[in-house]
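# Results of the structural survey
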Amino acid sequence: MPTRAFAAASATAPLAPMSIERRPPLASDVEIDILFCGVCHSDLHFARNEWGFTQFPVVPGHEILGRVTRVGSSVRNFKVGDLAAVGCMVDSCRSCDHCKRGLEQFCFGPGGCVFSYNGADKHLGGMTFGGYSEKVVCDEAFTLKVPTTLDPARAAPLLCAGITTYSPLKKWGAGPDGTLKGKKVGIVGLGGLGHMGVKFAHAMGAHTVLFTTSQGKVADGKKLGAHDVVISKDADAMAKHASSFDLIVDTVSADHDINAYMALLKLDGTLVMVGVPPNPQAIHAFSLIMPRRNLAGSLIGGIAETQEMLDFCGKHNVQCDIELIKMQQINEAYERMLKSDVKYRFVIDMASLKG
Ligand code: NAP
Ligand code: ZN
Ligand code: ZN
């Protein structure tokens, strides 16, 4: 099925309209008319080949939310008219140990995890195409249910920014009763991921501290749920928090000094990298050994955990703060994202592509 989309043809080309193919729904597929798609910094890294493995043309977009228009004969959990969402993955082997444990993002079976864009398309050949398009067709096993209490436009970024911060907060932070109560948690960077990290850490009961380079985000950080906001360029302000954090989640997309944050962890504290700066970041051994500290990484979250996160957001009314844009504004949005000028996630109103 020919489908309208926006694609980058090369690392230096602006995104522009392109017609792509989607498969007609197979027995276990859900066809979704895309209403909204969030704009993740990974989309920009991919469109400009900053990680070096983009296959062009690329249609970015993995915060996909829309309405079901058709379902295959064996689909049980979705019907026409439902709200449905697709995040960063559309398939995996489903039988390796990681898949069985609900960690499809780390699938090591045949074909591995198929990402929503720039992944090997098992059905049509070539690469998968993401959510900067009017429709998507996805196996129901990788399709998420969206709580109807959430505003659909504000829910779209949960599919990546939401799960990417929810998952490490749970894994490394879970306190005695499964929450972050009594823990001191830092979030580095107030962008798409960071603003959800602040909201989740607060909602889970942590003493939440935001680290930002932007003086102009201090008031917003507090409004979003941070108990304290530290300007990370201010060495004295940083020093006041030395050796005091249980957990820090680093969402920064550009080169920065990780050692400055490691110094803020207490004994056995953990810094989790979720941001992916294009270059390797230097780490001094003393940052890890004095006193014993952990450096870890985390990639999105599995399908079951993504559903759990969406349900958590429905229950606790956690929604993203967004700026709605037209598809045609995407190149300008990328430039603004690079200047940290977005409060706090761009979301594309896909009606602009269809109109
Ligand atoms: P974003 O909205 O652009 O936010 C990044 C934030 O980092 C900025 O708002 C800014 O916050 C801070 N920052 C930017 N440049 C900086 C610099 N030079 N020094 C220090 N801080 C700087 O991006 P995002 O969509 O949240 O994504 C963040 C990163 O996570 C990207 O690299 C993305 O690819 C990656 N990511 C990873 C996963 C995963 O599964 N691990 C999933 C999604 C995204 P302040 O203005 O507050 O300083
Ligand atoms: Zn993303
Ligand atoms: Zn697998």
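Right above here is the structure, for reference.
Residues numbered from 1 in each chain as written. Chains lettered and ligands numbered in written order. Predicted model: local features only at pLDDT ≥ 70, side-chain atom pairs only at ≥ 80, totals over all residues. Heavy atoms only, no water.

Reference values for coordination geometry: four tetrahedral donors around a metal ideally subtend 109.5 degrees, six octahedral donors ideally subtend 90 or 180 degrees. Binding of the zinc ion (ligand 2) to the protein goes through C40 (SG), H62 (NE2) and C160 (SG), at separations of 2.0 to 2.3 Å. One chain supplies every donor to the zinc ion (ligand 2), and in sequence these donors are spaced C-x21-H-x97-C. With C40 in the loop between β3 (29-38) and α1 (41-47) and C160 in the loop between α3 (152-155) and α4 (161-173), the pair connects residues that are 120 residues apart, well separated along the chain. With respect to class, C40 is no different from C160; both count as buried. (Donors = N, O, S within 2.8 Å, 3.2 Å for Na, K, Ca; no water. Helix = DSSP H or I, 4+ residues; strand = E, 2+ residues; numbered from the N terminus. Buried < 20%, exposed > 50% of the residue type's maximum accessible area, 1.4 Å probe, protein only.)

Further remarks concern the site of ligand 1. Around ligand 1 sit 30 residues in total, of which T212, T213, S214, K217 and R345 are the nearest. Interatomic distance of 2.9 Å between a backbone N/O atom of V274 and a nitrogen atom of ligand 1. Note that an oxygen atom of ligand 1 is positioned 2.7 Å from one of the backbone N or O atoms of I300. Relative to its unbound accessible area of 930 Å², ligand 1 is 90% covered by the protein chains. Contributing elements (two or more residues each) for the shell around ligand 1: α1 and α5 (192-203). The leading source of residues in the shell around ligand 1 is α1, at three residues. For the shell around ligand 1, the residue count by class is 12 nonpolar, 15 polar and three charged. Viewed by domain, the shell around ligand 1 spans two of them, domain 1 (2-160 + 322-354) and domain 2 (161-297), each represented by three or more residues. (Near = heavy atom within 4 Å. Polar contact = N/O pair within 3.5 Å; in protein donor to acceptor, adjacent residues only side chain to side chain. Areas by Shrake-Rupley, 256 points an atom, 1.4 Å probe, with all protein chains shown as cover. Nonpolar A, V, L, I, M, F, W, Y, C, P; charged D, E, K, R; others polar. Domains from an automatic or database assignment.)

With that settled, the discussion passes to the coordination of the zinc ion (ligand 3). Listed as protein donors to the zinc ion (ligand 3) are C93 (SG), C96 (SG), C99 (SG) and C107 (SG); their distances from the metal cover 2.3 to 2.4 Å. For the zinc ion (ligand 3), the single-chain donor residues occur in sequence as C-x2-C-x2-C-x7-C. Of this pair, C93 sits in the loop between β6 (89-91) and α2 (97-100) while C107 sits in the loop between α2 and β7 (114-115); the two residues are 14 residues apart in sequence, bridging distant segments of the chain.

Summed over all chains, the structure comprises 20 salt bridges. The residue R94 makes a salt bridge to D139 at a minimum N-O spacing of 3.2 Å. In this pair, R94 sits in the loop between β6 and α2 while D139 sits in strand β8 (residues 135-139), placing the two residues 45 residues apart along the sequence. For R94, a relative accessible area of 38% corresponds to the partly exposed category. A salt bridge links D220 to K223; the nearest nitrogen and oxygen atoms lie 3.5 Å apart. (Salt bridge = Lys/Arg side-chain N within 4 Å of Asp/Glu carboxyl O.)

Its 14 residues give helix α10 (residues 303-316) an end-to-end C-alpha distance of 20 Å, which sits within 8% of 20 Å, the value for a rise of 1.5 Å per residue. Looking at the packing, one finds that the buried side of α10 touches β6, β9 (144-145), α4 and α5. Just downstream of α10 lies N317, where phi reads positive at about 50°. (Expected span 1.5 Å × (residues − 1). Contact = heavy atoms within 4.5 Å.)

This brings us to unusual backbone geometry. In this model, F56 is joined to P57 through a cis peptide bond whose omega is 0°. Structurally, P57 can be placed in the loop between α1 and β4 (64-71). A cis amide bond links K343 to the next residue, Y344, at an omega of -15°. Relative to the elements of secondary structure, Y344 occurs in the loop between α11 (330-338) and β17 (345-349). The phi dihedral of I300 is positive, around 30°, even though this residue is not glycine. Note that I300 resides in the loop between β15 (294-297) and α10.

Another aspect to go through is the side chain of H256. Inspection of the secondary structure puts H256 in the loop between β13 (245-250) and α8 (259-262). On the basis of relative accessible area, H256 is assigned to the buried category, the value being 18%. Once residues within four sequence positions are removed from consideration, H256 is found in contact with D250, Y261, P277 and Q281.

None of this, on its own, says anything about what the molecule does.
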